[in-house]
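Coordinate inspection notes
Chain by chain, the residues run as shown.
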Amino acid sequence: MENLRQDVSISSAYSAVDGNRLGAAAVSISFRYAEPGVIPGVTRDLVARFIDENIREKTAATVELVNSATEPRPLTGPSRLLWIGIAFVESIQLGWLAALLRKRSFVTGAPSR
């Protein structure tokens, strides 16, 4: 049970009028676990229990599920192969430019360094 408490996060955002809290306007419930397939079911169960408790306590006038639980997506970023290709093309362009400048200074008779 202690591990479950560490894996569950509940946070709320309050609405205010003239600086006075009116109550939780939104509640976020998240759950992290090593097995991604378990996460949506546990999160749905936690949300259902939270809603049931709110209805029993009658502390919230309206409770609405905004986004249902989904499995986490893998991190994505720039393709390493794409960056290698871009670096390769840029190095060829810089090589051509250096060769062109060197040839131009040789033809005009300007001293090269």
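Only a predicted model underlies this, so the values are computations on that prediction, with no experimental measurement involved. (Residues numbered from 1 in each chain as written. Predicted model: local features only at pLDDT ≥ 70, side-chain atom pairs only at ≥ 80, totals over all residues. Heavy atoms only, no water.)

Considering the overall build of the protein chain
In plain terms, the rule: Each helix corresponds to a stretch of at least 4 residues labelled H or I by DSSP, and each strand to a stretch of at least 2 residues labelled E; elements are numbered beginning at the N terminus. Only protein chains enter the calculation, and the probe is 1.4 Å; a residue is then buried if its accessible area is under 20% of its type maximum, exposed if over 50%, and partly exposed in between. Every residue pair with non-hydrogen atoms within 4.5 Å of one another is taken to be in contact. Values of accessible area rely on a 1.4 Å probe in the Shrake-Rupley scheme; residue burial ignores everything except the protein chains shown.
Of regular secondary structure, the protein chain possesses 3 helices and 2 strands. Listed by position from the N terminus, the elements making up the protein chain come as α-β-β-α-α. Across the 113 residues of the protein chain, 8% fall into the buried class. Restricting the contact set of the protein chain to residue pairs at least 6 apart, pairs at least 24 apart contribute 25%. Total accessible area on the protein chain is roughly 10,300 Å²; 58% of this is exposed by carbon and sulfur atoms.

Digging into the side chain of aspartate 7
Here is the rule we go by: Only four residue types enter the tally: Lys and Arg on the positive side, Asp and Glu on the negative side; His and the chain ends are excluded. Throughout this description, the term salt bridge denotes a Lys or Arg side-chain nitrogen within 4 Å of a carboxyl oxygen of Asp or Glu.
Within the secondary structure layout, aspartate 7 lies in helix α1 (residues 2-7). No salt bridge is formed by the buried aspartate 7; its nearest oppositely charged neighbour, arginine 32, is found at 4.3 Å. In this view, aspartate 7 contacts Ser30, Phe31, Arg32 and Tyr33; residues no more than four positions away in its chain are not counted.

Examining a nonpolar patch on the surface
Using the following cut-off: Each patch groups residues whose relative accessible area exceeds 30% and which form no salt bridge, using 9 Å between like charges and 5 Å between nonpolar side chains of Val, Leu, Ile, Met, Phe, Trp and Tyr.
A surface patch of nonpolar side chains, amounting to about 460 Å² of accessible area, comprises Phe88, Val89, Ile92 and Trp96. Within the fold, tryptophan 96 resides in helix α3 (residues 80-108).

Topic: the side chain of threonine 43
Mapped onto the elements of the fold, threonine 43 is located in helix α2 (residues 39-57). Filtering out sequence-adjacent residues up to four positions away, threonine 43 remains in contact with Ile29, Phe31 and Ala69.

Looking at the confidence of the model for the protein chain
Reading fine detail from the predicted coordinates is not recommended where pLDDT is low. Here is the rule we go by: By definition, pLDDT measures how confident the predictor is in each residue, and it falls between 0 and 100.
Model confidence for the protein chain is summarised by a mean pLDDT of 76, while 69% of its residues fall at 70 or above. The secondary-structure element of the protein chain with the lowest mean pLDDT is strand β2 (residues 20-31), recorded at 70, while α3 shows the highest, at 86.

Some remarks on the environment of alanine 26
Here alanine 26 is to be found in strand β2. On the basis of relative accessible area, alanine 26 is assigned to the partly exposed category, the value being 42%. Placed 15 residues apart in sequence, alanine 26 and serine 11 show a C-alpha to C-alpha distance of 8.5 Å. Discounting residues that sit within four places of it in the chain, alanine 26 has contacts with Ser11, Ser12 and Ala13.

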